[in-house]
Amino acid sequence: MAHKVSTQLCPWALLAVATALAACGNGSSGAAPQGLSAAATAGQQLFHDVALSASGKQSCSTCHVAKYAFTADPTASGPDQGLPVPLGGPNMDLPGFRNAPSLMYSSFTPPFDGVNLVGGFFRDGRASSLAVQAEQPFITPFEMANADSAAVVALLQKSPASLAAFVSVYGSAVLSDPDTALQDMGLAIAAFETEDPDFHPFTSKYDYWLLGQAQLTAQEQAGLALFNNPVKGNCTACHPSQRQGYSDHALFTDFTYDNIGIPRNWNIPANSASPVSPVDGTPLTYVPAETNVPADAEYAFYDMGLCAPFAPPANDPNPRVSLTTTTTICGQFKVPTLRNIAITAPYFHNGRFSTLQQVVEWYVTRDINNNTGNNPNPVDAGTASGNPYVAVGTFYTAADGTPDQFEYNDLPVDYDANVNIGEIPYTPPTFGGGQAPTLDAQDIENIIAFLCTLTDGYDPANPSAYNVPAQCTAPVTVITPTSATASAASAAVSSK
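Criteria and thresholds
- Residues numbered from 1 in each chain as written.
- Predicted model: local features only at pLDDT ≥ 70, side-chain atom pairs only at ≥ 80, totals over all residues.
- Heavy atoms only, no water.
- Salt bridge = Lys/Arg side-chain N within 4 Å of Asp/Glu carboxyl O.
- Helix = DSSP H or I, 4+ residues; strand = E, 2+ residues; numbered from the N terminus.
- Buried < 20%, exposed > 50% of the residue type's maximum accessible area, 1.4 Å probe, protein only.
- Axes fitted to C-alpha atoms, helices over the stretch in contact; angles between N-to-C directions.
- Parallel < 35°, antiparallel > 145°, perpendicular 65-115°, else oblique.
- Left-handed = near helix turned anticlockwise from the far one by under 90°.
- Contact = heavy atoms within 4.5 Å.
- Nonpolar A, V, L, I, M, F, W, Y, C, P; charged D, E, K, R; others polar.

Description of the pattern of salt bridges
Right, so step 1: If you walk through the whole model with that rule in mind, you get eight salt bridges.
Right, so step 2: For Arg98, the salt bridge goes to Asp303, with nearest N and O atoms at 2.7 Å. With a gap of 205 residues between them, Arg98 in the loop between β2 (94-95) and α5 (130-135) and Asp303 in the loop between β3 (257-258) and β4 (333-334) connect regions that are remote in the sequence. Neither Arg98 nor Asp303 differs from the other in exposure class; each is buried.
Right, so step 3: Residues Arg339 and Asp207 are paired through a salt bridge, measuring 2.8 Å at the closest nitrogen-oxygen approach. Linking Arg339 in the loop between β4 and α11 (356-365) with Asp207 in helix α9 (residues 205-210), this pair joins segments that are 132 residues apart in sequence.
Right, so step 4: A relative accessible area of 2% means that Arg339 is categorised as buried.

A closer look at the packing of α11 against helix α12 (residues 441-452)
Right, so step 1: With their axes 10 Å apart at the nearest point, α11 and α12 run at an angle of 130 degrees to one another. As the angle between them shows, α11 and α12 are arranged oblique. Relative to α12, the crossing made by α11 is right-handed. Touching Leu356, Gln357, Val360, Glu361 and Val364 of α11 are Ile444, Ile448 and Leu451, all from α12.
Right, so step 2: Tallied by class, residues from the contact of α11 with α12 come to six nonpolar, one polar and one charged.

Observations regarding the environment of Tyr426
Right, so step 1: Position of Tyr426 relative to the elements: it lies in the loop between α11 and α12.
Right, so step 2: In this structure Tyr426 comes out as buried when scored by relative accessible area, which is 7%.
Right, so step 3: Measuring from C-alpha to C-alpha, the distance between Tyr426 and Arg366 comes to 6.8 Å, with 60 residues separating the pair along the chain.
Right, so step 4: In this structure, Tyr426 is in contact with Ile260, Tyr363, Arg366, Asp367, Asn420 and Ile421, ignoring residues within four places of it in sequence.

No statement about biological role is implied by the geometric values presented.
What follows is the structure, given as structure tokens:
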């Protein structure tokens, strides 16, 4: 699919350069990389300028940190204080609703296809372009919190470096038209995210393995085989390990949407019965009301992705159609890339899991639980056939940590039929007509070992300098490659 030139600036033209950047990491030095256009250079300045927020403390790079593959800092000492969602607003005390996604490789995202439900920007595809997406935080009350485009331009005019960079590209006359000026700011930031190789270096160990310049360990190859195996991990069904046409490289996403029944995250303030700021107790009066939450739903607020609660931006020149009344897609979110997944915790749109271990354990035992309200085959905790990974017997818990009445508890039970139950690894327990978990503990270790090879910054000339993510450094078991492992490796190479 073609990207619009006005907003995407042809990212494919950068691939040959990006592939050659053997020493390039996934961080940003703050200096303009050689070869950036004037628009991208202006976008870089805007991306890092906290003076453009109402608080004077937040910029794009506050929530999209280079060290974490341009997603949020998950640490307790970071600006979000360890929350799974960003803090923003005029006083930096207002929590958002979703885990900040990585911006790496986002410039390859195709426009939203409403027929096939593919592409679009944000986790629900509601923005038509990278530029439109970049505009929204400036005027979102719980992010940079400017009242409108005029307020953004007023701050821009008080920020000398950003103003000079912006005016050098777009002129000063546009400042008298705030809506257009904000659009131009979005275009500049999109140019930066598209042109700067730090956003798409393709320098993972996996990339160099495909080029024959690195060796995957036996365990990493075993993990790749499981990742691709349709009766084991089946990860590649949504996260293809082969190129798909959006790039000359595998992007590890097909940009589709899926509802996989992710558990509710009680650390998101909006999910509580009386939502308040975790910083100062301010009531969260901006939690959106939802027309498609049934009156008898277990909870008041649900983030249901494509169908609710967030509408396409009012300033989008090519707005996505509203999908609020299409309740059959409630709960679907865009499939994210798995590139750099080992450094982008917490995981999923709601940040429910903090490690890859937890994620994969949940994937393969999702429907082995004791949520009696809607599971036709509940299994008691602590029994031989119960969930082996959670002491309470389920990942679907109430706010107090006990088993919730319902599985898939981040979705009204009326929409249970929307949850993907037809693909491996999602299966009911064996006595309910399903199968045993498709991955055992060793398989999970192997898949995680492979996922760790998707971290950018590998230098084939100096492999020992690879900044291996912390969750990838646990002792591993050496696995002798099987014929299936060799086949997976061969398939990956041939696809290149």
